[in-house]
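# Analysis of the macromolecular model
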Amino acid sequence: MTTLVTGGTGTVGSQVVVRLAALGQPVRVLTRSAEKAATLPEGVTGLLGALAEPSTLGAAFEGVERLFLLTPLAQDEVDQGLAGIEAAREAGVGRIVFMSVHHADQAPQIPHFASKVEIARGLERSGIPYTVIEPNSFYQNDLGLQQPLMEFGVYPMPLGSVGLHRVDVRDIADAAVAALTKDGHQGEHYPVVGPELCTGEGSAQAWAAALGSGVIYAGDDLDAWSLAASAMMPDWLVADLRVMFEHFQERGLLATADDFTRQRGLIGREPIGFDRFATEAAAIWKSQVAGA
Ligand SMILES: NC(=O)c1ccc[n+]([C@@H]2O[C@H](COP(=O)([O-])OP(=O)(O)OC[C@H]3O[C@@H](n4cnc5c(N)ncnc54)[C@H](OP(=O)(O)O)[C@@H]3O)[C@@H](O)[C@H]2O)c1
């Protein structure tokens, strides 16, 4: 039962790939990079291509029975997602698990949330059996914050004070693999969330405890965040994420009791807490600094 993973070299997809390979399942990864294809885990096949270039998809999809469809943050994300679904239809893929975003339908003003809703509609129209997983904000986004946290003692993610039920990527991968490999999830949308609310101040405190050093929250100023982000990402992405942070500051991204029940039904255990994630990351960072 061959599974194709798009985004299989990235944060979530790479964890999905490792889990499927550990189950002894044939796994393919669609990648734009020959270099990344050459360094995939043992037994995993890399196929060169991109959702953004539909003419490259035929060979990658040939003989594929299951698809983990992860679309990148891109201005043409909807076209990429729909191209993946069309390639799956042409290849006779029997099951698609698509990764959306938690409560994507409640914030259509955020471009990459709206894109996910559009792609999920395309899935419905396709007639292919599908499951949608809807993760909250990833804990692992904070792995890019080693320098501000350790050198400046600042937590710069403008999460606000309402809170988000952020989630560990390992739980997202477990949810994806359960939906890909077990029956009974067809047509379902599953939230994938963490156990507690993460706020800006609370995250700073959790990092301070994990690092054993002072960390302050940089605050909710989105002009300051946009200015700093402009040095690292294109304008369209800064604008998209700014609208997202505005939404988080006003409304949060909250799980309901029903979300937790449904998630437990899919992954069969409680999700990983932020403290555990931060403690593990801080230990790695501290050992890197000690070894440098
Ligand atoms: N970060 C969050 O908190 C969060 C929460 C919920 C949902 N999401 C959604 O998660 C998705 C991203 O997942 P991820 O973080 O696991 O992905 P990622 O680490 O950014 O990796 C995405 C992969 O997609 C491939 N890719 C193809 N076209 C690309 C492009 N134009 N730009 C960047 N990568 C491209 C790359 O693989 P190759 O280089 O090998 O081709 C890359 O490894 C997005 O749809 C996002 O909206 C994110």
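Everything discussed here concerns the structure shown above.
Okay, so let's go over this structure. (Residues numbered from 1 in each chain as written. Predicted model: local features only at pLDDT ≥ 70, side-chain atom pairs only at ≥ 80, totals over all residues. Heavy atoms only, no water.)

### What to know about a nonpolar patch on the surface
Taken together, the side chains of V162, L197 and L254 make up a nonpolar region of the molecular surface, amounting to roughly 210 Å² of accessible area. For L197, the location among the structural elements is in the loop between β8 (189-192) and α8 (200-211). (Patch = residues over 30% accessible without salt bridge, like charges linked within 9 Å, V, L, I, M, F, W, Y side chains within 5 Å. Areas by Shrake-Rupley, 256 points an atom, 1.4 Å probe, with all protein chains shown as cover. Salt bridge = Lys/Arg side-chain N within 4 Å of Asp/Glu carboxyl O. Helix = DSSP H or I, 4+ residues; strand = E, 2+ residues; numbered from the N terminus.)

### Description of the packing of aromatic side chains
Throughout the structure, instances matching the rule amount to eight aromatic pairs. Their ring planes at 50° and their centres at 5.6 Å tell us that F274 and F277 sit as a pair that is tilted. Here F274 pairs with F277, and both are found in helix α12 (residues 274-291), just three residues apart, close to one helical turn. On the basis of relative accessible area, F277 is assigned to the buried category, the value being 3%. (Phe/Tyr/Trp six-rings, centres within 6.5 Å; stacked < 30°, edge-to-face > 60°. Buried < 20%, exposed > 50% of the residue type's maximum accessible area, 1.4 Å probe, protein only.)

### Examining the sheet that holds β8
Through backbone hydrogen bonds, the strands of a sheet pair up, either in parallel or in antiparallel fashion. Read across the open sheet, the seven strands follow the order β3-β2-β1-β4-β5-β6-β8; overall the sheet is parallel. Edge positions in the sheet fall to β3 (45-48) and β8, since each has one partner strand and no second. The sheet shows a mean angle of 20° between the axes of neighbouring strands, taken without regard to direction. Helix α5 (residues 111-126) contacts β4 (66-69), β5 (95-99) and β6 (130-135) of the sheet and is inclined by roughly 170° relative to β5. Each of β1 (3-6), β4, β5, β6 and β8 touches helix α7 (residues 169-181); the most contacted strand, β5, lies at about 160° to it. (Pairing = 2+ DSSP bridges. Axes fitted to C-alpha atoms, helices over the stretch in contact; angles between N-to-C directions. Contact = heavy atoms within 4.5 Å.)

### Looking at the site of the ligand
The environment of the ligand is made up of 23 residues, and the closest members are T9, T31, K36, T71 and K116. At 2.6 Å from an oxygen atom of the ligand is found a main-chain nitrogen or oxygen belonging to T71. Of all the elements in the fold, those that place two or more residues in the shell around the ligand are α1 (11-22) and α5. (Near = heavy atom within 4 Å. Polar contact = N/O pair within 3.5 Å; in protein donor to acceptor, adjacent residues only side chain to side chain.)

### Quick word on the nonpolar core
Core analysis: the largest hydrophobic core is formed by 38 residues, its most contacted members being F113, L149, Y155, W207, V215, F245 and F274. Sorting the residues of this core by element identifies α5, α8, α9 (222-230), α10 (235-251) and α12 as the ones contributing at least two each. If you look at the next biggest cluster of nonpolar residues, it comprises 29 residues, including L20, V169, I172 and I267. (Core = buried A, V, L, I, M, F, W, Y, C linked by side-chain atoms within 4.5 Å.)

### Concerning the layout of surface pockets
Remark: the empty space left among the atoms is shown by a probe the size of a water molecule rolled over them. Counted as a void, the second largest pocket has a volume near 240 Å³. Lining the second largest pocket are 17 residues; nearest its centre among them are A104, D105, V117, E134 and H189. Secondary-structure elements contributing two or more residues to the lining of the second largest pocket are α5, β6 and β8. It is α5 that provides the largest number of residues to the lining of the second largest pocket, a total of five residues. Here the residues of the lining of the second largest pocket are counted per class, giving six nonpolar, five polar and six charged. (1 Å grid on protein atoms, 1.4 Å probe; cavity = no way out; pocket = protein on both sides within 12 Å on 5 of 7 lines; lining within 4 Å. Points joined across faces, edges and corners; volume = space filled by probe spheres on them. Nonpolar A, V, L, I, M, F, W, Y, C, P; charged D, E, K, R; others polar.)

### Thoughts on the side chain of D259
Within the secondary structure layout, D259 lies in helix α11 (residues 257-267). Within the structure, the side chain of D259 is placed 3.1 Å from the side chain of H102, a separation counted as a polar contact. In contact with D259, other than residues within four places in its own chain, are H102, H103, P191 and L254.

### Considering the pattern of salt bridges
In total, this model carries 15 salt bridges according to the counting rule given. Residues K116 and E77 are paired through a salt bridge, measuring 2.7 Å at the closest nitrogen-oxygen approach. On the criterion of sequence distance, the pair formed by K116 in helix α5 and E77 in helix α4 (residues 77-91) is long-range, its members being 39 residues apart. Accessibility expressed as a relative area gives 6% for K116, which makes it buried. The closest approach of N and O atoms between R166 and D142, which form a salt bridge, is 3.1 Å. In this pair, R166 sits in the loop between β7 (154-155) and α7 while D142 sits in the loop between β6 and α6 (146-152), placing the two residues 24 residues apart along the sequence.

### So, the packing of α8 against α12
Where α8 meets α12, the closest approach of the two axes is 8 Å, and the angle between their N-to-C directions is 45°. The orientation of α8 relative to α12 falls into the category oblique. Judged by the sense of rotation from one axis to the other, the crossing of α8 with α12 is right-handed. In this structure, α8 uses S203, A206, W207, A210 and L211 to contact α12, whose residues at the interface are F274, D275, F277, A278, T279, A281, A282, W285 and K286. Of the residues that constitute the contact of α8 with α12, the class distribution is 10 nonpolar, two polar and two charged. (Parallel < 35°, antiparallel > 145°, perpendicular 65-115°, else oblique. Left-handed = near helix turned anticlockwise from the far one by under 90°.)

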